[in-house]
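Chain residues, written in single-letter form:
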Amino acid sequence: MLIGAEPEPPYERPHLSKGYLAGTVPREKLPLRPPQQYRDMQVDLVLGEHVVDFGIERRAVTTRSGKTFAWDLLCIATGSTARSLPGGFVLRSLQDADHLRRLIERRTSIHIVGAGFIGCEVAAVAVEKGCEVRVFEALEQPLVRVLGPELGAFLAAVHRGHGVDLRLNTQLPALDGPFLAAAGSEPQVFEAGLAGLRIERGIVVDELGRASAEGVFAAGDVTRFAHPLFATRIRVEHFQTSQRQGFAVGRAMAGQGKPFAEVPWFWSDQYDLNLQYAGVGLPWDEIVVRGDFGRPPFTVFYLGGGALLGVAGVNDHHTVARARHLMEAGRSISAQQLEDPTFDLRRALA
């Protein structure tokens, strides 16, 4: 049984700030699976029901409407909730995306607070649709905490080159009318906390997705999970990892447990640029560039103590994929090999 608060069957959220917002991905392409497939797999969809009590002791969840559903095994996959700001609206659901599409179609002046992935993607779509776009960011560059100041400055220049009024190192001024709050998200753990589960900026789970109560699992960006490649628990807010870790948790619930050991990976489409990143944003002490920085395709590698910790590529998905496989395999590679475009990274995996 799959219980969800939204009235729509499960769909791909990344399109909401990319293709669906731009009008290149139609609504019928958003669902993860066709309705018939759920019936074929004997999955009962219970939509439009918000769970308010997981019923850990009595083994039955209760929804806001008063309905109860008994369970033997429970997986909490409530995801994240967007941080809201007074007077602003957010982009998290299909309904939110429809509201923002209407504003963009009217060529409304769009104000955006936050130059993270959501803010940058919405800015790119809106300015290309003819809107006047202004973005306010408190940090010195877009995405600086993940990508570093150099690549962040490159993205800032790209947006300004397309006509976005990007204001960095600035606090939110008084704005007339609504604005998009794109200031990050928080794990949706309120109900989980009431259930008595261990919470540390997300539901704490082990390498198989098991929470701190018997028979309870959790998956996706609501979790802080143990990862065999990193010496810490991590929480990742991006679709690919939530989906892939969800597969692993589902297998564990079915008695076929195997630790989720993939390096987190995500992508962002902005104008004619496809930005891909693999890693978990661990602190680095060295940056190595393959290609001509600022002239796509090029790739930036992030190293700590000589070890490869992360990779970001601009229109260079093959290099990112190969570097990700290197990290998953725990293979060593020198900075000289990383920056040499004639060295095939696949040789380091042989």
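Everything discussed here concerns the structure shown above.
Just so we're clear, the structure is a prediction, and the values are computed from it rather than from any experiment. (Residues numbered from 1 in each chain as written. Predicted model: local features only at pLDDT ≥ 70, side-chain atom pairs only at ≥ 80, totals over all residues. Heavy atoms only, no water.)

### Let's talk about the overall build of the chain
Consideration 1: Tallying secondary structure elements over the chain gives nine helices and 22 strands in all.
Consideration 2: Taking 350 residues into account, the globule formula puts the C-alpha radius of gyration at 20 Å, and the chain, at 21 Å, falls close to it.
Consideration 3: For the C-alpha atoms alone, the extent of the chain along its principal axes is close to 60 × 55 × 40 Å.
Consideration 4: Within the span of the chain, comprising 350 residues, buried residues form 46% of the whole.
Consideration 5: Put simply, 57% of the contacts in the chain that link residues at least 6 apart link residues at least 24 apart.
Consideration 6: In the chain, 37 positive and 40 negative side-chain charges are present, and the distance between their average locations comes to 2 Å. (Helix = DSSP H or I, 4+ residues; strand = E, 2+ residues; numbered from the N terminus. Rg over C-alpha atoms; globule rule 2.2 N^0.38 Å. Buried < 20%, exposed > 50% of the residue type's maximum accessible area, 1.4 Å probe, protein only. Contact = heavy atoms within 4.5 Å. Lys, Arg positive; Asp, Glu negative; His and termini not counted. Charge placed at Lys NZ, Arg CZ, Asp CG, Glu CD.)

### A look at helix α5 (residues 144-161)
Consideration 1: Given a rise of 1.5 Å per residue, 18 residues ought to cover 26 Å, yet the end C-alpha atoms of α5 are separated by just 19 Å, more than 12% below that figure.
Consideration 2: Along its length, α5 reaches its greatest deviation from straightness, about 80 degrees, at E150.
Consideration 3: Listed in full, the buried residues belonging to α5 are V144, L147, G148, L151, G152, F154, L155, A156, V158 and H159.
Consideration 4: At its buried positions, α5 is contacted by α4 (117-128), β11 (165-167), β18 (265-270), β19 (273-279), β21 (298-304) and β22 (307-314).
Consideration 5: Immediately downstream of α5, the backbone of G163 shows phi near 100 degrees, a positive value. (Expected span 1.5 Å × (residues − 1). Bend = angle between axes of the 7 residues up to and from the residue.)

### Observations concerning the sheet that holds strand β9 (residues 110-113)
Consideration 1: If you walk across this open sheet you meet the five strands as β8-β12-β9-β10-β11, and the pairing is parallel. Two strands in the sheet have a free side with no partner beyond their single neighbour: β8 (88-89) and β11.
Consideration 2: Sheet topology note: the strand β10 (residues 133-136)/β11 ladder contains three bridges and is parallel. Within the sheet, the bridge partner assigned to F136 lies in β11 and is R167. (Pairing = 2+ DSSP bridges.)

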